Structures are given as structure tokens and as C-alpha cells.
Amino acid sequence: MAAETPTQIEGLRSSTQALEHSIADLSDDQVRGPSLLPGWSRGHVLTHIARNADAMVNLTTWARTGIPTPMYPSREARNAVIEAQAGRSADVLRADVHESHIRFMAALAELDAGGWERPLTYGGHNRQGTGADIPFLRRTEVEVHHLDLGLDYTLAHWPEDFVEALLADIAASSATRDDLPACVLVGNDDEGRWVIGGGGEEISGPPPALLGWLIGRTDGVGLNADSGVLPERGVWL
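Counting restarts for each chain: residues are numbered from 1 in the order of the written sequence. This being a predicted model, a pLDDT of at least 70 is required before a residue's local features are given, and a value of 80 or more before pairs of side-chain atoms are given or counted; all residues contribute to the totals for chains, interfaces and linings. In computing side-chain values, all of the structure's heavy atoms are included and hydrogens and water are not.

## Re the sheet that holds strand β4 (residues 193–196)
What the 4 strands build is an open sheet, ordered β4-β3-β5-β6; its pairing is mixed. For this open sheet the edge positions go to β4 and β6 (224–225), each flanked by a neighbour on one side alone. For two strands to pair, DSSP has to find at least two bridges joining them. Every helix listed is a DSSP run of H or I at least four residues long, and every strand listed is a run of E at least two residues long, numbered separately from the N terminus. By the bridge criterion, 4 bridges tie strand β3 (residues 183–187) to β4 in an arrangement that is antiparallel. Residue pairing in the sheet places Cys-183 in a bridge with Ile-196 of β4.

## Considerations on the pairing of β4
Of the two faces of β4, the one holding Trp-194 and Ile-196 is buried and the one holding Arg-193 and Val-195 is not buried anywhere. The antiparallel pairing of β3 with β4 creates a hairpin that spans 5 residues between the two strands, and Asp-189 there sits at a positive phi of about 55 degrees. Think of it in three bands: with a 1.4 Å probe and only protein chains considered, a residue is buried below 20% of the maximum accessible area for its type, exposed above 50%, and partly exposed in between.

## Some words on a negative patch on the surface
Here, patches come from residues exposed beyond 30% relative accessible area and free of salt bridges, joined within 9 Å for like charges and within 5 Å for nonpolar side chains (Val, Leu, Ile, Met, Phe, Trp, Tyr). Computed by Shrake-Rupley with a 1.4 Å probe, the accessible areas treat only the displayed protein chains as cover when residues are assessed. Here, a salt bridge means any Lys or Arg side-chain nitrogen found within 4 Å of an Asp or Glu carboxyl oxygen. Positive charges come from Lys and Arg alone, negative charges from Asp and Glu alone, with His and the N- and C-terminal ends not counted. Lysine's charge is taken at NZ, arginine's at CZ, aspartate's at CG and glutamate's at CD. Where like charges cluster on the molecular surface, the negative patch consists of Glu-160, Glu-164, Asp-189, Asp-190 and Glu-191. With respect to the helices and strands, Glu-191 occurs in the loop between β3 and β4. Here Glu-191 falls in the partly exposed class, since its relative accessible area comes to 36%.

## Remarks on the side chain of Arg-217
Looking at the secondary structure, you find Arg-217 in the loop between α9 (207–214) and β6. A residue is classified by how much of its surface remains accessible, and Arg-217, at 16% relative accessible area, is buried. Two N or O atoms count as a polar contact when they lie within 3.5 Å, although within protein this holds only if one can serve as hydrogen donor and the other as acceptor, and sequence-adjacent residues are included solely when both atoms are side-chain atoms. Within the structure, the side chain of Arg-217 is placed 2.7 Å from the side chain of Asp-148, a separation counted as a polar contact. There is a polar contact of 3.0 Å between the side chain of Arg-217 and the backbone oxygen of Ile-215.

## Considering helix α8 (residues 160–173)
Every helix has an expected span of 1.5 Å times one less than the residues it contains. Over its 14 residues, α8 extends 20 Å from the first C-alpha to the last, a length consistent with the 20 Å expected when each residue adds 1.5 Å. Along α8, the residues that are buried comprise Phe-162, Val-163, Leu-166, Leu-167, Ile-170, Ala-171 and Ser-173.

## Considerations on α9
Burial analysis of α9 places 7 of its 8 residues in the buried class, which makes it a mostly covered element. Considered for burial, the residues of α9 that qualify are Pro-207, Ala-209, Leu-210, Leu-211, Gly-212, Trp-213 and Leu-214. The contact definition used throughout considers only heavy atoms, calling two residues in contact when any of these lie within 4.5 Å. Buried residues belonging to α9 abut α8, β3, β4 and β5 (201–205). Positive phi shows up at Gly-216, right after α9, with a value of about 80 degrees.

## Quick word on the pattern of salt bridges
All chains considered together, the criterion is met by 11 salt bridges. Between Arg-88 and Asp-96 there is a salt bridge, with its nearest N and O atoms 2.8 Å apart. The salt bridge involving Arg-94 is made with Asp-91; its shortest N-O contact spans 2.6 Å. Here Arg-94 pairs with Asp-91, and both are found in helix α5 (residues 90–109), just 3 residues apart, close to one helical turn. The structure contains a network of salt bridges with shared partners spanning Arg-51, Asp-54, Arg-88, Asp-96 and Arg-103.

Have a look at this one:
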């Protein structure tokens, strides 16, 4: 196990507890209301969070056994399940989020040293990584989609360590992607500097706002670009 993995697991626990607190009192009407993601209700988002936990169990199985086990059979199959289950009651959705988290944490607990180090391929861009990446992958899903629920959880609530880690992760992978703008993100007051897509004009602002814009969650409010115009970017799911 990498030295930072226990800290990442604890961060995942904390993020999941915050999510469960936010949804504890949602009504059926509220879960059927719109989320911040186009075309998705809160029920879609909560279903995705739960099914992603099961997908992470698949990835953890790959790490444990060495047998390639993709997160999802296909993007189409993933979307079909989300659509089929999105209309469930608030109580059922809450239970699904909680129980899928428990299943995932139990799977993580079974990993030995070899599992944490085993090479894996994951995500829509077929990234190469190891079992040690799994806790942060899951935390990213929880934190970003918690925001997408459109409740009282905002960019300002994202934990500082999560924001910095995800910006660093995106920067590290951006050289092999063509869906990210070429720029340099600069945190206010020396809060960090992240080169995206090989670099370009500087965009400055608070790190949570930089991350929210980069992954398509805001229109760039609170940010400043050298050119005065922020580059185009899509919505990351």
C-alpha cells in the first residue's frame, strides 16, 4: 500500500459521510427534481453515485485478482441502468448509496500489497494506473456529484486537499487528452499552479473555482484570463 493510501481512504469516508448527511432528509419530490447536470434529476445523480460504487468494486476485483474486470460493460449499459433506476423513492436511493458504499469499502479492505500495486486501466480515456488510485477515483465521483445535486453543497465546501489533488491529477493526465483547454491555472495567493494541456494563457482565481470551471461545473465566475475570455471546455461526468 502506498504511504498516502490510508489518507485517501479516510478522505473518501469523510466525503461520503458529507454526502449522506446532505441527502438524509430529501423527499421523493426533491429526488425527482432537476440536478445541475443537464437532463438528469437528482435521482439520476444518486443512482450514478451508487452504481459507480459497484463499478469501483469491479475495479477493486481486478486489483485483487489480476483478472481484467472493467468498471462497466459499456457506456451504453451504464447509462441504461441509471435511467432505469433514477425514478426510485428517496428512501430507496438513500439506502442504495449507503449500501453500495459499504460493499465498496469491504472490497477495498480485501486488497493486499500486490493488489494496491497491480496495473489497471480505467475511465473513458483508458487511463493507466494501479490499485492505489481507486480510493481517490471514488472520492472524486462522490465530491463532484455531491455538488451536482444542487443542494446546499457548493464549490466552497469541497475539501482543500481534494481540490488540489484533483487539479494535480487532471494536469498530469492532460497531455494525453484532447478535451481540455491548453492553459495554466494559477491559484490566488500562491495557492498552486497547474499546467493543463501543455500550457497556454494564465487563468487565475480560487482553486475551487478553477476546478469547478475546468470540469464544466461553472461558467468561470471569479476567474480571470489573460485574454479576458475563458477557453471553451465541456462537462466532465
